[in-house]
Amino acid sequence: DFLTDYLTDRAIDVIDENKEQPFFLYFAYNTPHTPIQGRKDLVEYFRSKVKIDAIHTNPIYAAMVASLDQSVGRIVQRLSEHDLSDNTVLIFLSDNGGLTQRYGKRDFFTENLPLRRGKGSAYEGGVRVPWIVKWPGVVPAGRQCEQPVISTDLYPTILAITDVEGDAEHNAAVDGVDLSAMFRDPTASVERNLFWHYPHYHAGGDGPYSAIRSGDYRLIEFHEDQSVRLFDLSRDIGEKDDLSSKLPGKTSELRKKLAEWRISTGAQMPTVNPDYDPGRESEVSKGQKARKRN
């Protein structure tokens, strides 16, 4: 079995078993993800469609995305077969952008243009993802909401739309807001800043960093050298124009808010590795090459 299809079979079983009562299904697909392995029939289908001058040229990655599309379609179809479509809220989102490079080298798996970089990086290509909601009779079809939201909003939102209270003590410490008002009115907004804190390394990343999104501005602080980047996403979605030296006041303001937020949440900061040996850095790339050959 291809794992994506197998997991969808099990998800459909959950729907079948609970069709006569309210149910909650949290289904975190593992695709697309490394290792890049697609279903053979889909790989061959997309291999015949590759255009060398296109942005996306990896038929195996395309096959993985197609498997995801087909599997989501199967779930939607099963809800329809049980006449549950009009009484079910569907929420679809990703946890990060597509992987574009590892260990400083491009893999050519996928691309997130016009966004910069991808999974594990500090930039929009790593954190800006699809969030799609279908709620018949509530969410206006075909509408788009421009309000930035974040995945920690899922929990309080689901509590609200299902009219479930949850645990009060736990809820008091939840870092997220109820988005159900935006579901009903896509022009609604929430006045707040969004924060990211990534105090470690990732193969596709830029080193440990923290970031804040405040209005149209996004500031990134890199912890290795304490440098910062400031971008105006309303004008520069590709994060090419660093404004940190041009707007020192805004840079200082956001950097202070970012530091205050880290303190308020007790965020762990990266520490120097006393065993770091720069002479062994090449072992990482050698290990990667060996795994690819095998």
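Relevant structure appears above.
The rules we used
- Residues numbered from 1 in each chain as written.
- Predicted model: local features only at pLDDT ≥ 70, side-chain atom pairs only at ≥ 80, totals over all residues.
- Heavy atoms only, no water.
- Helix = DSSP H or I, 4+ residues; strand = E, 2+ residues; numbered from the N terminus.
- Buried < 20%, exposed > 50% of the residue type's maximum accessible area, 1.4 Å probe, protein only.
- Contact = heavy atoms within 4.5 Å.
- Areas by Shrake-Rupley, 256 points an atom, 1.4 Å probe, with all protein chains shown as cover.
- Pairing = 2+ DSSP bridges.
- Axes fitted to C-alpha atoms, helices over the stretch in contact; angles between N-to-C directions.
- Phe/Tyr/Trp six-rings, centres within 6.5 Å; stacked < 30°, edge-to-face > 60°.
- Lys NZ or Arg CZ within 6 Å of the ring centre and 35° of its normal.
- Parallel < 35°, antiparallel > 145°, perpendicular 65-115°, else oblique.
- Left-handed = near helix turned anticlockwise from the far one by under 90°.
- Nonpolar A, V, L, I, M, F, W, Y, C, P; charged D, E, K, R; others polar.

A. Local environment of the overall build of the protein chain. Assigned secondary structure in the protein chain consists of nine helices and eight strands. Projecting the C-alpha coordinates of the protein chain onto the three principal axes gives extents of approximately 60 × 50 × 40 Å. Per-residue burial for the protein chain yields a buried fraction of 34% across its 294 residues. Partitioning the contacts of the protein chain with sequence separation of at least 6, the portion at a separation of at least 24 is 56%. Counting only carbon and sulfur atoms, one obtains 51% of the accessible surface of the protein chain, whose full area is about 18,200 Å².

B. Highlighting the sheet that holds strand β8 (residues 227-232). Pairing in this open sheet of four strands is antiparallel, and the strands run β5-β6-β7-β8 from one edge to the other. The open sheet has two edge strands with one neighbour each: β5 (194-198) and β8. Across the sheet, the axes of successive neighbouring strands diverge by a mean angle of 10 degrees, strand direction being ignored. Sheet topology places strand β6 (residues 209-214) next to strand β7 (residues 217-222); six bridges connect them, and they run antiparallel. Within β7, the residue paired with Ala 211 across the bridge is Ile 220. Taken strand by strand, helix α8 (residues 248-265) contacts β5, β6, β7 and β8, and its axis lies near 65 degrees from that of β7.

C. Layout of the packing of aromatic side chains. Scanning all chains against the criterion turns up seven aromatic pairs. For the ring pair Tyr 45 and Phe 46, a centre distance of 5.0 Å and an interplane angle of 80 degrees mean the geometry is edge-to-face. Ring geometry for Phe 195 and Trp 261: centres 4.7 Å apart, planes at 0 degrees, overall stacked. Of the two residues, Phe 195 sits in strand β5 while Trp 261 sits in helix α8, which places them 66 residues apart along the sequence. The positively charged end of Arg 116 is found above the aromatic ring belonging to Tyr 123, 3.9 Å away from the centroid. Here Arg 218 stacks its cationic end above the ring of Trp 196, 4.8 Å away from the centre of that ring.

D. The arrangement of the packing of helix α1 (residues 3-17) against helix α3 (residues 59-81) in detail. Interhelical geometry of α1 versus α3 gives an angle of 15 degrees and a closest axis separation of 10 Å. The angle between α1 and α3 falls in the class roughly parallel. For the crossing formed where α1 meets α3, the hand is right-handed. Contacts between α1 and α3 involve Thr 4, Asp 5, Thr 8, Asp 9, Ala 11, Ile 12, Ile 15 and Asp 16 from the former and Ser 67, Leu 68, Ser 71, Arg 74, Ile 75, Arg 78 and Leu 79 from the latter. In terms of residue class, the contact of α1 with α3 is built from six nonpolar, four polar and five charged.

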